[in-house]
Amino acid sequence: MVLGAATDDSDYEDSTWEEELAGPAGDMADKEDAEPVTGRPRSQRVNSLFSEDELIEDYYNAPPANGGSVWSDNSPSPRPPAPTFSSSSPGTLSDSMEGTATAQLSPTIKAGWLDKNPPQGSYIYQRRWVKLDADYLRYFDSEKDPYSKRFIPVSSISRITSIGDQKFEVITNNRNFVFRAESDADRNEWIWTLQQIVEERKSKALERTSISLTINGATDLVDKSGFLELRGFKHKLFVVVAGDKVFLYKNAEDYRLGIGITYIEMNLGNVKEVDRRGFDLTTPYRIFSFSADSDQEKEEWVEAMQQSISEALSNSEVAERIWLVESNRFCADCGSPKPDWASINLCVVICKRCAGEHRGLGPGITKVRSLKMDRKVWTEELIELFHQIGNAVANQFWAANVPPSEAITPTSSSQERRHFLIAKYREGKYRRYHPLFGNQEELNRALCAAVTTSDLAETQALLFCGAAVNCATGDPQCPTPLALAEKSGQRLQMEFLLHNKTSEMPRLEVGGSEEKPYSVPLPSVTHNGFLYKTPSMAKPVSERKGQEEFSRRWCTLQDGILSYYENDRNAVPNGEIKVEEIVCLVNNSPHTHGIESTFEVYIETERLYLFGLESPDSAREWLKSIAKSFVHPRAEELLALDFERIGRLHYKGGLNLERAKEGWFALAGSVLHVCFEDSERQEPLQLRKLQELSIQGDNEVLVLVERRRTLYIQGERKLDFLGWVHAIQKAAGSSGDTLSEQQLTESDVPLLVDRCIDYITQCGLTSEGIYRKSGQNSKTTSLLEMLRRDARSVRLKEGEHQVDDVANTLKRFFRDLGDGLFTRQWGQDWLRATALEDEEAKISEYRRLLGTLPTVNRATLKALINHLFRVQRFSAENQMNTHNLAIVFGPTLFQTDGKDYKAGRVVEDLISHYVKIFNVNDQEMKKQQDEIMAIMKMREAASSGTQQAGDFICTVYLEEKKTEAEQHVKIPATMTAEELTFEILDRRKIVMKEKDYWSCFEVNEREEAERPLHYSEKVLPILHCLGTESYLVVKKQMSMENMLIYLASRVGDCKHGMMKFREERNLLGLGLSTGFHDRYFILNSTCLRLYKEVRSLKQRTPHLENVSRGWGAQPGRAGGPAPSALTRLPRVNPKSNPVVARVPITARSWMRQPQAMGSSVCYSCPQCCHPSPLAPVLGGASACTPIIWGPPVWGYGCPLLQAAGDGDGEGAGAAWRGWAGLAPPSHGHWIGLL
């Protein structure tokens, strides 16, 4: 035995501990603190987490049993080097890094009963159950106890010796532990087993000495550490949260030595706040009731333990594989061991603290994913990519020139990390510049060569020094580097390119790497007073906070800092919030929580602070003061709004979608006010009038589509971004039962009304008893509920919805309308107007009353009466003349019982005098008459066959025109090309495989031409136009793979100049040409834009909803001053006005331009610049990615290519299942050229 070393007979007894283990878990937290009593007899037990010799040292100051120092004389130093802490082994040497932080216990190597050496002054040995595993030697009161009385890290054991009488001694650097076995054989077996484990650990430690030195010695992986009170113990314990475990130590010195009391596996844990400073850690075996020094400390402890639980429940399989590469075992940025996060586009493995700062850079710079929780992301190719690149290769490029003074370490602060990461990745300050840097053409050429090899380091250097990921290769078969990599069989090159499709290149910002979003000083705002406050949170407030959960704090806003104190007499704040870190401020609705008026403050580090006041006026003053202190001066006009939410977000929009910009946003009611980076005034977005509102990517981009623009809001911080998404979605929906609270069209008609009128116009004008017959009550109720919830997402289709159900839904909507269509204020005036005998006076009165209605009511009334005017024109078929419609709609619109006919008389007068009352001009009237005639012709054509009106039998071929391939199909009026394709495949029982792209083609044998139908094209109008030499065939889209490759390309060629342009405004094919005009065009790889003149900033808004096909040069058709022309032909659609646009080609270069870009080209809509629907597959291709359908075919002397959209987004999503398995944008406006 080594003399002089402290013999540790450390069993700290505590009756409270034992009683808690014996009693039910629910009673544990209610016990009073146990006060130790001095001089108690041996039979009494104090604090079982402590050993009795330490109890004596603590309370009696007794000397050690051997009378010497507590430090070994043989020890080289009374204070050995600080051990490395790992998530699996506290206080052990750095060799513990070979293990993994899993939630599973290490397998027990040996276990059994041993006698523990007696406490000082006692001769009675203590019987203990001892367990040995690969990491720890632990002993317990019994074999059933889940928590140990002491654990000794195996890595801290220096040797094990026999000391006779069945005893053996475990010697560590600072303490010795004596055990006695039941026999010499048992003792020898324990000694041999311990020696084997210790020697194995020592050999592994030697192998890793060089690794530990590379990170400056010992390194902590501690998430949180410090002193906490634990119910049942007089003195505070030193608690450590590390990885998936929580460790308990008697004091900080024991933690430094690595010898602790017990640890708690968090895979079975649950954390709950119980009061202002207290919280419980609950396991199936015990409730640990902790108490912190302050409420802020408590918040940090709770968050750390919750993250530990998440880590314990995660899967470490991917992490283990990534860590097989030695450099990946340490954070690429700060050097912390066991990093369990990664940037999948930069191919670096990073620690949790650096990952938080990476997220702040935005997804355009770095895409952060967890090694343990984002399992679906980690494909075999991506894991292999991290093996080939990883931290070593990546840092040879990104960190080639890091000055020692600027490097960060595991102990660096968040601000230091942020500065470093901005300089490293956003600015590329330390990167190794490629010799070709600055020569774009040479960089692109070198990239095309590099992707055909396995040199990933070269590809990385080229790409992040400016090479374009989608540069032109000059090879028509492989137009992009991605295609070249695929052709060369370079899977890892493909993976790297795909993850960097939308990566932003490093750029030095003017003003250095300062991360503040302000270029001018913020105004100094001062405010103070009492506020109610809850603990800060790391997740959205999902439940109502009761009044008892708020604490009253004295708060001051001064010198750019919001501070909160225990009371107004305290000089030291409990916590502070820097206003420059505030990213969002939310004004909650009254009584959202237990305090009447509350507001939320979000900061950059993903924390949320909830404040409240009982006085709404005082809360409003605080809101205005805080908002004024952090909102940029250029967005100052937003402060005048009665906002619900205000803050800064990154967005993309307009013509430049390469780089995200920072804007200021304020949500007030259903209007989103935006101050764009390059705009001097705020612009309002009417959320209820959006054409589309969707989430793209992994909840990272919110897409808002208006008629004239598309806005992409990026979620760089998850916490406040989720709040914005939910708030905008709610504001964009219907919020009440009045007309003004509904989702609206551009013409201020409720979308619900527009959907129903549109459907009945197409499918029900000739339906007998329309609006008189009642639909099924259950279907009406269900449909009305769906339309009220979100009419934007509802598509009414014939077959799925019955005409009478839709008609009944429209009537019920008006009957249940909150203020009525005519409003309560003016409703009686409308009824009194029916008493006027003079028709002209009556019409004049109706027109006056029409002007008094709110805008939405007036627009809705006009749309409805216009619809009823059409319905009565078909009264011969539907038996609903003006009088019958008035009988139905009078009581409905005026919400009366219908006992008198005054309400009906108003509706009858409005229909009869529709033209005069609503000022309908001759051109508009002619348009409606032509539409009615076209609908009647279509109905007559449909009913002329053997089938009932609306159905048509036609022959469709499968794959080729053969008798055995014929399929006779009944075609309803609403059947789309997609539905026909599925019908044919279902009949032949053909199962679509993963890369099968089936579509329906229109084939013209005489012209030797064919075109694939757009998935949402109605088939019936096409059949009526087919000649005897044409037919439909369903077959595979053989060139889709090539198209997908082409879609990955954004070719840099462009053309601009003046051209003659003529637009024919048609009305179902009957219209007048407006003649040719000089217009300025810009053509690039992604879109064709039209401007009125060269200096114009506003691009032309073309009506491409009904474009059906794009034709090449047609010399005899253009009729213009040029020898050839590009012509867009319309598709018949009774819903809207088609457009025929002819663009005469005055220069051959315009015709050659598309051919220079590849074998086929299709341009997306210049109106919306909507992102490609293939963006998720192709790594997030930016807006205006071309959409092309069909192989090159020939007709009219040139190739023919179809690319059309349905205009209203019908069938978005599922409609592409049979094509490319992808969801298109909900408004497809595309024109195709070849």
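If you're wondering where the values come from, they're calculated on a predicted model, not measured in any experiment.

K.L.:
Looking at this model, I keep getting lost on unusual backbone geometry. Mind explaining?
P.N.:
Both trends apply: most residues other than glycine have a negative phi, and most peptide bonds are in trans. Positive phi outside glycine occurs at glutamine 166, with the angle close to 60 degrees. Although it is not a glycine, asparagine 919 sits at a positive phi angle of roughly 55 degrees. Secondary-structure assignment places asparagine 919 in the loop between helix H27 (914-917) and helix H28 (922-943).

K.L.:
Help me understand the environment of asparagine 401, please; the structure alone is not making it clear to me.
P.N.:
One can find asparagine 401 in the loop between helix H10 (390-398) and helix H11 (414-426). Sequence separation between asparagine 401 and tyrosine 430 is 29 residues, and the spatial gap between their C-alpha atoms is 4.7 Å. Excluding residues within four positions of it along the chain, asparagine 401 makes contact with Tyr430, Arg431 and Arg432. Only 3.2 Å separates the side chain of asparagine 401 from the backbone oxygen of arginine 431, close enough to count as a polar contact.

K.L.:
What is the right way to look at the pairing of strand S2 (residues 108-116) in this model?
P.N.:
Walk down a regular strand and you will see the side chains alternate between the two sheet faces. Here S2 pairs with strand S3 (residues 126-133) via 8 bridges, running antiparallel. Counterpart to threonine 108 in the pairing with S3 is aspartate 133. One ladder, built from 2 bridges, connects S2 with strand S8 (residues 175-180); its direction is antiparallel. Looking at the pairing, lysine 116 lines up with phenylalanine 179 of S8.

K.L.:
Help me understand the pattern of salt bridges in this model?
P.N.:
Side-chain pairing between opposite charges can occur once the charged atoms of the two side chains come close. Using the criterion set out here, one finds 55 salt bridges in the structure. A salt bridge links glutamate 357 to arginine 418; its shortest N-O distance comes to 3.0 Å. Of this pair, glutamate 357 sits in helix H8 (residues 352-361) while arginine 418 sits in helix H11; the two residues are 61 residues apart in sequence, bridging distant segments of the chain. You'll find glutamate 357 and arginine 418 in the same group, each marked buried. Its salt-bridge partner being lysine 962, residue glutamate 960 comes within 3.0 Å of it at the nearest N-O pair. For glutamate 960, a relative accessible area of 40% puts it in the partly exposed group.

K.L.:
Help me understand the sheet that holds strand S35 (residues 998-1004), please; the structure alone is not making it clear to me.
P.N.:
Backbone-to-backbone hydrogen bonds pair the strands of a sheet. The strands run either parallel or antiparallel. Strand order in this open sheet of 5 strands is S34-S33-S37-S35-S36, and the pairing throughout is mixed. Sheet topology places strand S34 (966-970) and strand S36 (1009-1012) at the edges, where each strand pairs with a single neighbour. Geometrically, the sheet is characterised by an average inter-axis angle of 35 degrees between neighbouring strands, direction not taken into account. As paired strands, S35 and strand S37 (residues 1030-1036) are joined by 7 bridges and run antiparallel to one another. Residue pairing in the sheet places valine 1003 in a bridge with tyrosine 1031 of S37. Along the sheet, helix H29 (residues 977-987) contacts strand S33 (953-958), S34, S35 and S37; its crossing angle with S34, the most-contacted strand, is approximately 130 degrees.

K.L.:
Would you take a moment to explain the packing of aromatic side chains for this structure?
P.N.:
Within a pair of aromatic rings, the relevant descriptors are the distance that separates the centres and the angle that separates the planes. The full count for this structure, using the stated rule, is 39 aromatic pairs. With a centroid separation of 5.1 Å and 80 degrees between ring planes, the pair formed by phenylalanine 227 and phenylalanine 238 is classed as edge-to-face. Pair noted here: phenylalanine 227 is in strand S9 (residues 224-230) and phenylalanine 238 is in strand S10 (residues 237-242), with a separation of 11 residues, a long-range link. With a relative accessible area of 38%, phenylalanine 227 lands in the partly exposed category. Centre to centre, the rings of phenylalanine 822 and phenylalanine 894 are 4.2 Å apart; their planes meet at 5 degrees, and the pair counts as stacked. Of this pair, phenylalanine 822 sits in the loop between helix H20 (803-815) and helix H21 (827-833) while phenylalanine 894 sits in helix H25 (residues 882-894), and the two are 72 residues apart along the sequence. A relative accessible area of 2% means that phenylalanine 822 is categorised as buried. The class of phenylalanine 894 is buried, set by a relative accessible area of 12%.

K.L.:
Would you explain the nonpolar core in this entry?
P.N.:
It is characteristic of soluble globular proteins that their nonpolar side chains tend to be buried jointly. Membership of the largest hydrophobic core comes to 65 residues, with the highest contact counts inside it found for Tyr771, Trp830 and Leu861. Per-element accounting of this core gives the leading share, 9 residues, to helix H23 (residues 855-873). With near-sequence residues (within four places) excluded, leucine 861 lies in contact with Leu821, Phe822, Trp830, Leu850, Leu853, Leu910 and Phe918. Among the nonpolar cores identified, the runner-up in size contains 61 residues, and Trp341, Ile365, Ile408 and Leu447 belong to it.

K.L.:
Looking at this structure, I do not really get the side chain of glutamate 1017. What am I missing?
P.N.:
If you trace the backbone, glutamate 1017 turns up in the loop between S36 and helix H30 (1019-1025). Glutamate 1017 sits in the buried class, given a relative accessible area of 1%. Side chain to side chain, glutamate 1017 and arginine 1011 meet in a polar contact 3.0 Å long.

K.L.:
How should I be thinking about the packing of helix H18 (residues 751-763) against H20 in this particular structure?
P.N.:
What describes two packed helices is the angle between their axes and the distance between those same axes. Running from N to C, H18 and H20 cross one another at 150 degrees; their axes reach a closest spacing of 10 Å. Relative to H20, the element H18 is oriented roughly antiparallel. Seen from above, H18 lies across H20 with left-handed handedness. Judged by residue contacts, Leu752, Val753, Cys756, Ile757, Tyr759, Ile760 and Cys763 of H18 engage Val803, Val806, Ala807, Thr809, Leu810, Phe813 and Phe814 from H20. Classifying every residue of the contact of H18 with H20 by side-chain character gives 13 nonpolar, 1 polar and no charged.

K.L.:
I'm lost on the sheet that holds strand S13 (residues 270-273) in this one. Help?
P.N.:
Spatially, S12-S11-S10-S9-S15-S14-S13 is the arrangement adopted by the 7 strands of the open sheet, whose pairing is antiparallel. The open sheet terminates on both sides in strands that have one partner only, identified here as strand S12 (262-265) and S13. Sheet twist, expressed as the average angle between the axes of neighbouring strands with direction ignored, equals 35 degrees.

K.L.:
What am I meant to see in helix H15 (residues 491-499) here?
P.N.:
Side chains that are three or four residues apart share a direction in an α-helix, a result of its 3.6 residues per turn. Those residues of H15 not exposed but buried are Leu492, Gln493, Glu495, Phe496, Leu497 and His499. Packed against the buried residues of H15 are helix H9 (380-388), helix H12 (440-450), helix H13 (456-463) and helix H14 (481-487).

K.L.:
What is the right way to read the confidence of the model for the protein from this model?
P.N.:
Reading fine detail from the predicted coordinates is not recommended where pLDDT is low. Within the protein, residue pLDDT values average 74, and 71% of them lie at 70 or more. Counting contacts from residues 510-520, a segment whose pLDDT is below 50, to residues more than four positions away or on other chains yields 23 contacts. Note on residues 1101-1234: pLDDT under 50 across the span, and 400 contacts to partners over four residues away in sequence or across chains.

Conventions used here
Residues numbered from 1 in each chain as written. Predicted model: local features only at pLDDT ≥ 70, side-chain atom pairs only at ≥ 80, totals over all residues. Heavy atoms only, no water. Helix = DSSP H or I, 4+ residues; strand = E, 2+ residues; numbered from the N terminus. Contact = heavy atoms within 4.5 Å. Polar contact = N/O pair within 3.5 Å; in protein donor to acceptor, adjacent residues only side chain to side chain. Pairing = 2+ DSSP bridges. Salt bridge = Lys/Arg side-chain N within 4 Å of Asp/Glu carboxyl O. Buried < 20%, exposed > 50% of the residue type's maximum accessible area, 1.4 Å probe, protein only. Axes fitted to C-alpha atoms, helices over the stretch in contact; angles between N-to-C directions. Phe/Tyr/Trp six-rings, centres within 6.5 Å; stacked < 30°, edge-to-face > 60°. Core = buried A, V, L, I, M, F, W, Y, C linked by side-chain atoms within 4.5 Å. Parallel < 35°, antiparallel > 145°, perpendicular 65-115°, else oblique. Left-handed = near helix turned anticlockwise from the far one by under 90°. Nonpolar A, V, L, I, M, F, W, Y, C, P; charged D, E, K, R; others polar. pLDDT = per-residue confidence, 0-100.

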